[in-house]
Amino acid sequence: MLVACTTLPHFSPQAAYGTEAGIAEYSVVGDTIPQALEGLAGDPDRGRRLVLDREMGNCLICHQVPIVTEPSQGDMGPPLGGAGTRLTVGQLRFRLVDQSQLNPATIMPPYHRVDGLTRVAGKYRSKPVFNAQEIEDVVAWLATLKD
């Protein structure tokens, strides 16, 4: 699958995405991945659990969530409260799949990419942090954060 993007200069419109095992194919349009990965519907309850899981995605190491009872939230990344107001579902999906395509200097890891990564522990090599269903679940929850 080829990425179709003409608005961001560091994209390669000839780069293939989703050809590695365990990585869903997707197309980029502008700054979004407009179509759900593998056509899956996300479950916001599962997405919330994934975001709060300190081992699975470890989102809270960098981000704050609008849950005051959740301890030790990070402040290196933008707060996730209001994410569903600030970004479209397609924009949220793209940032989770691979924020480095939008900002090569980002410190946010790609959650659905395995190629070109360094400094990955052996047991995690060739495995995305989140599979396609988990990406859609997290997107579904983030989209509910309107405040």
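Residues numbered from 1 in each chain as written. Predicted model: local features only at pLDDT ≥ 70, side-chain atom pairs only at ≥ 80, totals over all residues. Heavy atoms only, no water.

> Looking at this structure, I do not really get the overall build of the chain. What am I missing?
In terms of helices and strands, the chain carries four helices and zero strands. Listing each helix as α and each strand as β along the chain from the N terminus yields α-α-α-α. Residues classed as buried in the chain amount to 41% of the 147 residues present. Relative to all contacts within the chain whose residues are 6 or more apart in sequence, the contacts with residues 24 or more apart total 56%. Accessible area for the chain stands at about 8,100 Å²; split by element, carbon and sulfur atoms hold 55% of it. (Helix = DSSP H or I, 4+ residues; strand = E, 2+ residues; numbered from the N terminus. Buried < 20%, exposed > 50% of the residue type's maximum accessible area, 1.4 Å probe, protein only. Contact = heavy atoms within 4.5 Å. Areas by Shrake-Rupley, 256 points an atom, 1.4 Å probe, with all protein chains shown as cover.)

> Help me understand the packing of helix H1 (residues 44–52) against helix H4 (residues 132–144), please; the structure alone is not making it clear to me.
When two helices pack together, their arrangement is given by the angle between the helix axes and by the axis-to-axis distance. One way to put it is that H1 packs onto H4 with a least axis distance of 7 Å and a crossing angle of 95 degrees. As judged from the angle between their axes, H1 and H4 are roughly perpendicular. In contact with Pro44, Arg46, Gly47, Arg48, Leu50 and Val51 of H1, H4 contributes Gln133, Glu134, Asp137, Val138, Ala140, Trp141 and Thr144. (Axes fitted to C-alpha atoms, helices over the stretch in contact; angles between N-to-C directions. Parallel < 35°, antiparallel > 145°, perpendicular 65-115°, else oblique.)

> When you look at the side chain of His63 in this model, what are you seeing that I'm missing?
Assignment of secondary structure puts His63 in the loop between H1 and helix H2 (83–86). Assessed through its relative accessible area of 12%, His63 is described here as buried. Here the side chain of His63 touches Pro78 through a polar contact of 2.7 Å, landing on its backbone oxygen. Dropping the residues within four chain positions of it, His63 is found in contact with Gln73, Gly74, Gly77, Pro78, Leu80 and Met108. (Polar contact = N/O pair within 3.5 Å; in protein donor to acceptor, adjacent residues only side chain to side chain.)

> In this structure, what is going on with the pattern of salt bridges? I would like to understand it.
Two side chains carrying opposite charge are able to pair once their charged atoms lie near each other. Under the definition given, this model contains six salt bridges. Between Asp137 and Arg46 there is a salt bridge whose closest N-O contact spans 2.8 Å. Taken together, the positions of Asp137 in helix H4 and Arg46 in helix H1 put the pair 91 residues apart, joining distant regions of the chain. For Arg46, a relative accessible area of 34% puts it in the partly exposed group. Here Asp115 and Arg113 are joined by a salt bridge, their closest N and O atoms 3.6 Å apart. Residues joined in a network through salt bridges with shared partners are Asp98, Arg113 and Asp115. (Salt bridge = Lys/Arg side-chain N within 4 Å of Asp/Glu carboxyl O.)

> What is the right way to read H4 from this model?
In this model, H4 (13 residues) spans 19 Å end to end at C-alpha, consistent with the 18 Å of a helix rising 1.5 Å per residue. With respect to burial, H4 is a largely interior element, 11 of its 13 residues being buried. Residues of H4 that are buried in the fold lie against H1, H2 and helix H3 (89–98). The opening residue of H4, the one whose side-chain oxygen lies 3.0 Å from the backbone nitrogen of Gln133, is Asn131. (Expected span 1.5 Å × (residues − 1).)

> Would you take a moment to explain the packing of aromatic side chains for this structure?
Each aromatic ring pair is specified by the distance between its two centres and by the angle formed by the two planes. On inspection of all chains with the given rule, the structure shows one aromatic pair. Ring centres 5.0 Å apart and planes at 35 degrees place the aromatic pair Tyr111 and Phe130 in the tilted group. Here the residue Tyr111 occupies a position in the loop between H3 and H4, and Phe130 occupies one in the loop between H3 and H4, the gap between them amounting to 19 residues. (Phe/Tyr/Trp six-rings, centres within 6.5 Å; stacked < 30°, edge-to-face > 60°.)

> Please clarify how the nonpolar core should be interpreted in this entry.
The nonpolar side chains of a soluble globular protein tend to be buried, and buried together. Ranked by internal contacts, the top residues of the largest apolar core, which has 29 residues, are Leu37, Val65, Ile135 and Leu142. Of all the elements in the fold, those that place two or more residues in this core are H1, H3 and H4. At seven residues, H4 tops the list of elements feeding residues into this core. If near-sequence neighbours (up to four positions away) are discounted, Leu37 is found in contact with Ala24, Glu25, Tyr26, Arg93, Val97, His112, Ala132, Ile135 and Glu136. (Core = buried A, V, L, I, M, F, W, Y, C linked by side-chain atoms within 4.5 Å.)

> What am I meant to see in H3 here?
An α-helical segment advances 3.6 residues per turn. Residues three or four places apart therefore align on the same side. H3 sits mainly inside the fold: nine of its 10 residues count as buried. Here H3 has its buried residues at Gly90, Gln91, Leu92, Arg93, Phe94, Arg95, Leu96, Val97 and Asp98. The secondary structure elements touched by the buried residues of H3 are H2 and H4.

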